[in-house]
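Take a look at the letters that make up each chain.
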Amino acid sequence: MADATVSSKAPAKAGVRQALLAPVHLVMGLVDVPMRAWQKLTGLNGMAGIFLAPNMLIFSVFVLLPLVINFVYSTTSGSGVFLQNRTYVGAEQYRILFDCGSYLDPATCAADTFWAAVRNTAVFVVFQVSAMLIAALATALILNRELSNRGFWRAVFFFPVLLSPVVVGLIWKWILQRQGLLNYALSPFGFEPFSWLSDRFWAFFFAVFVSVWAHMGFYALILLAGLQAIPRDLYEAAAMDKASPTRIFRRITLPLLMPNLIVVLVLALIRAVQIFDEVFVLTGGGPGTSTMYITQFIYETGFASSLRNPGLASAASILMGIVLVILTLVQLAASGRNEKKGKRQ
């Protein structure tokens, strides 16, 4: 009886499955006709165009078209949003940006806030990227060791990457405010409450610190992957030769980790140049303009300022885009060089 029951259920299940898949087969049959016609017309290689077309359409609408519109805006002036309400001025906005007595002294520039933001960004990039590389490398080296609960510690270091930059900025703003957690923790040691984000030095220090804290886990993960790809035989051979840990690091770890370090360096540079979210929430660009960076200048000039100038903001964003393209090309060239070097070895 049991066998009869099972055999009677099998056709029922097959019938339900066919009924559910019938619409799918119908749709696939309808799609199959034009796809076969296209393949006969263009050959097998031409099929790639069909599958790339939706992605290229989205890319064109949301990336290429805005780039073109942004460039057009950079050749116009006025506060109007629509192009018909704006005046064509050619390269005037770029001339204003580069009209400087000395590029090292923003006060001598027509767009003094822009060059202050450029200077702030350059200083921020130097300190933030250096700190990021050191912190990410040290973290990766520690997490690569035989630790108890190693998976837990990896998750702990990576967790800040999952947070929204706005959330990161709000958390640290709450910690660093005058009545915040940091002053509360220092009060038993006799420290008076201090407005950390109202001091130029400490505002810059915490802008660097918070950005490193928020993104270090991502770069440490890249370096950790590189460390785990290094053959263990090399370390065993070095240990047999009684090489010191410092020599092993300089002669084995660092050279073999260099491709990953280059990737991390360029990605960190690009991210540092584009810094905005967490620093804007944390300090608002202050005190004064000490933590105003290029992206914030573009945002405030184009949208937030009462005397907004979308043309000047667009010109500044075009210049920043050129810098990012150069950094990307440097990464591609460096990666290609390391790949060729690896093949030769």
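Residues numbered from 1 in each chain as written. Predicted model: local features only at pLDDT ≥ 70, side-chain atom pairs only at ≥ 80, totals over all residues. Heavy atoms only, no water.

A. How the structure looks around the overall build of the protein chain. Within the protein chain, the regular secondary structure consists of 13 helices and two strands. In terms of overall size, the protein chain is more extended than a compact globule, its C-alpha atoms giving a radius of gyration of 28 Å where 345 residues would be expected to give roughly 20 Å. For the protein chain, the spread of C-alpha atoms along the three principal axes comes to 90 × 70 × 50 Å. Just so you have it, the protein chain exposes about 21600 Å², and 69% of that area is on carbon and sulfur atoms. Of the side-chain charges in the protein chain, 26 are positive and 16 negative, and the distance between the mean point of each set is 8 Å. (Helix = DSSP H or I, 4+ residues; strand = E, 2+ residues; numbered from the N terminus. Rg over C-alpha atoms; globule rule 2.2 N^0.38 Å. Areas by Shrake-Rupley, 256 points an atom, 1.4 Å probe, with all protein chains shown as cover. Lys, Arg positive; Asp, Glu negative; His and termini not counted. Charge placed at Lys NZ, Arg CZ, Asp CG, Glu CD.)

B. Region of the structure containing the state of the cysteines. Tallied over the entire structure, the rule returns one disulfide. Between the sulfur atoms of Cys100 and its disulfide partner Cys109 the distance amounts to 1.7 Å. Measuring handedness by torsion sign, the sulfur bridge of Cys100 and Cys109 sits at about 115 degrees and is right-handed. When sorted by exposure, Cys100 lands in the same class as Cys109, which is buried. (Disulfide = S-S within 2.5 Å. Buried < 20%, exposed > 50% of the residue type's maximum accessible area, 1.4 Å probe, protein only.)

C. Highlighting the packing of helix α4 (residues 112–143) against helix α8 (residues 200–228). Viewed as axis vectors pointing N to C, α4 and α8 meet at an angle of 45 degrees, and their least axial separation amounts to 7 Å. Regarding the angle of α4 to α8, the classification is oblique. The element α4 and its partner α8 pack so that their crossing is right-handed. Grouping the amino acids of the contact of α4 with α8 by side-chain chemistry returns 21 nonpolar, four polar and no charged. (Axes fitted to C-alpha atoms, helices over the stretch in contact; angles between N-to-C directions. Parallel < 35°, antiparallel > 145°, perpendicular 65-115°, else oblique. Left-handed = near helix turned anticlockwise from the far one by under 90°. Nonpolar A, V, L, I, M, F, W, Y, C, P; charged D, E, K, R; others polar.)

D. Just a nonpolar patch on the surface, in detail. A surface patch of nonpolar side chains, amounting to about 940 Å² of accessible area, comprises Leu52, Met56, Leu57, Ile58, Phe59, Val61, Phe62, Val63, Leu64 and Leu67. You can see Phe59 is positioned in helix α2 (residues 47–73). (Patch = residues over 30% accessible without salt bridge, like charges linked within 9 Å, V, L, I, M, F, W, Y side chains within 5 Å. Salt bridge = Lys/Arg side-chain N within 4 Å of Asp/Glu carboxyl O.)

E. Focus on unusual backbone geometry. Pro287 follows Gly286 through a cis peptide bond whose omega is 0 degrees. The phi dihedral of Lys242 is positive, around 60 degrees, even though this residue is not glycine. With respect to the helices and strands, Lys242 occurs in the loop between α9 (232–240) and α10 (245–273).

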